[in-house]
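Residues per chain, in single letters:
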Amino acid sequence: MKLRILFLSFLLVFTVSSTESKNGKPSKSPVKKNSEMKGSGTVSNRSDNGFEKSIVQIKVSFQEPDYISPWKKKNPRVRRGVGIVVNGNRILVPAQILQYSTLVEVKKFSSYTETKAEISRTDSETNLALLTVEEKGFFEDLKPLEFQQKIVYPQQIAIYQLDNSGSIQSASGALLSLDLDLYPQGQIELPILDVNSAETLNGNGEVIVSEGKAAGILFDFTGDKNAGRAIPSFLIRKFLGLSGKSDRIAYKGFRHRPVTDSATKEFYGISGKNEGILVAEVLPGSSADGVLKAGDVVLEFGGKKIDSKGYFEHSTYGKQVFSFLAHAGDEFGYEIGKTVPVLILRDKKKMEVDLPLKPFPYSAVRIPHRDPSNRPDYYLNGGFLFLELSENYLLEWGKDWRSRVDKKLLYLYDYHKFRSLGEPQSRIVLLSQVIPDESNNGYHDIFGRILESADGISVNSIQDLMRKVRESKKDIVSLRLDDGTEVVLDKKEMAKANSRIGAQYKIPASAMGERK
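This one's a predicted model, so the numbers in the text were calculated from it and none came from an experiment.

Before going further, it helps to spend a moment on the overall build of the protein chain. Per the secondary structure count, the protein chain includes ten helices and 28 strands. A total of 516 residues make up the protein chain; the buried ones form 52% of that total. For the protein chain, long-range pairs separated by at least 24 residues make up 63% of all intrachain contacts whose partners lie at least 6 apart in sequence. For the protein chain, the computed accessible surface area is about 24,200 Å², with 48% contributed by carbon and sulfur atoms.

Structure (structure tokens):
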């Protein structure tokens, strides 16, 4: 009876908290909730439910690229995670644990040895990946786990992982809410579950189970806040092709901003008190390209009224950002290849348009970020090291990189990640650093400057820079930086300089000069 009263008390707390959260969306796992959950669960070692046959350990050896010295990689390291056995003799894992992997191994409950696995598919948007194992008979004593079709919250849950001895480890927690956000390597806002637990968790793939089925995969956990985030089961079903006709994620194609002040409402002709959001930017090649334009006001999306902060009322999950309809709208019939009816205000006149759903237009990315496949393309010649601006380059400044990097680079990163309509596909090229040599004396203090042009012509990429230097008929190539500095490359001296620099700094000859 005491346990029942305690459980009902938790449900009452969650219901009140959830209502408060939805009135002022979005709200992320407040500390108050976390403190209320402390002591609510216990870690146990249980094998009687059979989940050890549906979960495996993952060991990933990986080597990250070095953006400061891009001709080499950083020291090898190992990370561990949890995988779920799914139909078709495959193992489902969070894609983030496979990043920069050099070797992937799996271990199941009935074996003390690790078996090599191969990555068969990854999707950075849903943060999911599939592994296969070639070893004959590996899956004979394993059982695929089923996934919930809909998420129920708030509710208490069990969280499972496998320990080194092959025993199943169980912890308890609670599902609190569901919001839209970007996954660690994704570009598209997708549903993410907020999880609370007082247990010691890692957020590396632990399986959330409700009523005998998987409700999600934990991919992030902060111990001092008792808060984690998980991939919901209905998104996993989408990735596995178990719902809808396409296993790919659609993107609405535009960025928006809320309209809450009366002056802006009047300027755009919005008559309703709490309706409409403003189209702020349309990405070239996207679903919205040629359909919407900056300055349009979206009143309804997919037949749902959109409030002035961009939310609609979902019948199951309450208030959700309207992007839910385009990005995870299978239940409404919206997926890639389908169209979404949109009611807009354009020049203060109402009109209906059809928005054809397409995948995210990666060709619109100007500054690569959240891209697990991104590896530095660079050009090192005569000690001048050029590379393309990316999030990974900025992250080399450490945990407090936003306060340490050049403010101009930070501004570009925050506001110009994507190219605008009409702009050519291009990247931002930097003179990252100058490796000192007698041939480049006078330039040794330059680092992190934007390259504007070569011989007066703009440079679009590292490959473009290499081509311009190679094809220049002049012995001297003039490079102009954004601070006005003029860097002069003497093509006749490059080979000698590269030879000296390679010997002095232990840089392989293959890393300097022209590279394919």
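Bringing the packing of aromatic side chains into the picture now. Scanning the model with the defined rule gives 20 aromatic pairs in all. Judged by centre distance (6.3 Å) and plane angle (45°), the ring pair of Phe234 and Phe324 falls under tilted. Note that Phe234 is positioned in helix α3 (residues 233–239) and Phe324 in helix α5 (residues 323–327), a separation of 90 residues in sequence. For the pair Phe234 and Phe324, a shared accessibility class is recorded, and that class is buried. Relative to Trp397, the ring of Tyr393 has its centre 5.1 Å away and its plane inclined at 65°; by these criteria the two rings are edge-to-face. Overall, the relative accessible area of 1% leaves Tyr393 in the buried class. The structure contains a cluster of three or more aromatic residues connected by ring pairs, namely Tyr153, Phe234, Phe312, Tyr317, Phe324 and Phe332.

Our next topic: the sheet that holds strand β5 (residues 101–107). Read around the closed barrel, the six strands follow the order β2-β3-β4-β7-β6-β5; overall the barrel is antiparallel. Averaged over all neighbouring strand pairs, the angle between strand axes comes to 40°, with direction disregarded. Bridge count between strand β2 (residues 55–62) and β5: six bridges; the pairing is antiparallel. Directly across from Gln57, in β5, lies its bridge partner Lys107.

What follows covers the confidence of the model for the protein chain. Caution applies to low-pLDDT regions: their predicted coordinates should not be interpreted in detail. Looking at the protein chain as a whole, the pLDDT averages 89, with 90% of positions reaching at least 70. The low-confidence segment residues 1–48 (pLDDT under 50) makes 69 contacts with residues lying over four places distant or belonging to another chain.

It is worth spelling out the pairing of strand β4 (residues 90–94) at this point. The buried fraction of β4 is high, at four of five residues. As judged from the three bridges shared by strand β3 (residues 77–86) and β4, these two strands associate in the antiparallel manner. The residue of β4 that forms the bridge with Ile84 is Leu92. The antiparallel hairpin formed by β3 and β4 contains three residues in its connecting segment, where Gly88 sits at a positive phi of about 85°. Of the strand pairs in this sheet, β4 and strand β7 (residues 128–132) are connected by four bridges, and their pairing is antiparallel. The residue bridging Leu92 from the neighbouring strand is Leu130, located in β7.

Further remarks concern the nonpolar core. Residues Ile208, Phe254, Leu292, Val298 and Phe301 are the most contacted members of the largest nonpolar core, which totals 44 residues. In terms of residue count, strand β9 (residues 168–181) provides more of this core than any other element does, four residues in total. For this core, the two domains that each supply at least three residues are domain 2 (155–240) and domain 3 (254–328 + 335–358).

Quick look at the side chain of Ser461 now. Looking at the element boundaries, Ser461 is found in the loop between β26 (457–458) and α9 (462–471). Residue class for Ser461 comes out buried when judged on its relative accessible area of 19%. Apart from residues no more than four positions distant in its own chain, Ser461 is found in contact with Glu388 and Val429.

The next point concerns the pairing of strand β16 (residues 297–301). Burial within β16 is extensive, with four of its five residues counted as buried. Pairing analysis gives two bridges linking strand β15 (residues 277–282) to β16, with the strands arranged antiparallel. The residue of β16 that forms the bridge with Ile277 is Val298. Bridge analysis of β16 against strand β20 (residues 339–346) gives four bridges, and the strand direction is antiparallel. The residue bridging Val298 from the neighbouring strand is Ile344, located in β20. Where β16 lies against strand β17 (residues 304–305), two bridges are found, and the strand directions are antiparallel.

With that settled, the discussion passes to the side chain of Glu391. By the secondary structure assignment, Glu391 is in helix α6 (residues 391–395). Taking the relative accessible area as the measure of exposure, Glu391 reaches 14% and is therefore buried. Within polar-contact distance, the side chain of Glu391 engages the side chain of Tyr413 at 2.6 Å. With near-sequence residues (within four places) excluded, Glu391 lies in contact with Ile367, Pro368, His369, Arg370 and Tyr413.

What counts, and at which threshold
Residues numbered from 1 in each chain as written. Predicted model: local features only at pLDDT ≥ 70, side-chain atom pairs only at ≥ 80, totals over all residues. Heavy atoms only, no water. Helix = DSSP H or I, 4+ residues; strand = E, 2+ residues; numbered from the N terminus. Buried < 20%, exposed > 50% of the residue type's maximum accessible area, 1.4 Å probe, protein only. Contact = heavy atoms within 4.5 Å. Areas by Shrake-Rupley, 256 points an atom, 1.4 Å probe, with all protein chains shown as cover. Phe/Tyr/Trp six-rings, centres within 6.5 Å; stacked < 30°, edge-to-face > 60°. Pairing = 2+ DSSP bridges. Axes fitted to C-alpha atoms, helices over the stretch in contact; angles between N-to-C directions. pLDDT = per-residue confidence, 0-100. Core = buried A, V, L, I, M, F, W, Y, C linked by side-chain atoms within 4.5 Å. Domains from an automatic or database assignment. Polar contact = N/O pair within 3.5 Å; in protein donor to acceptor, adjacent residues only side chain to side chain.

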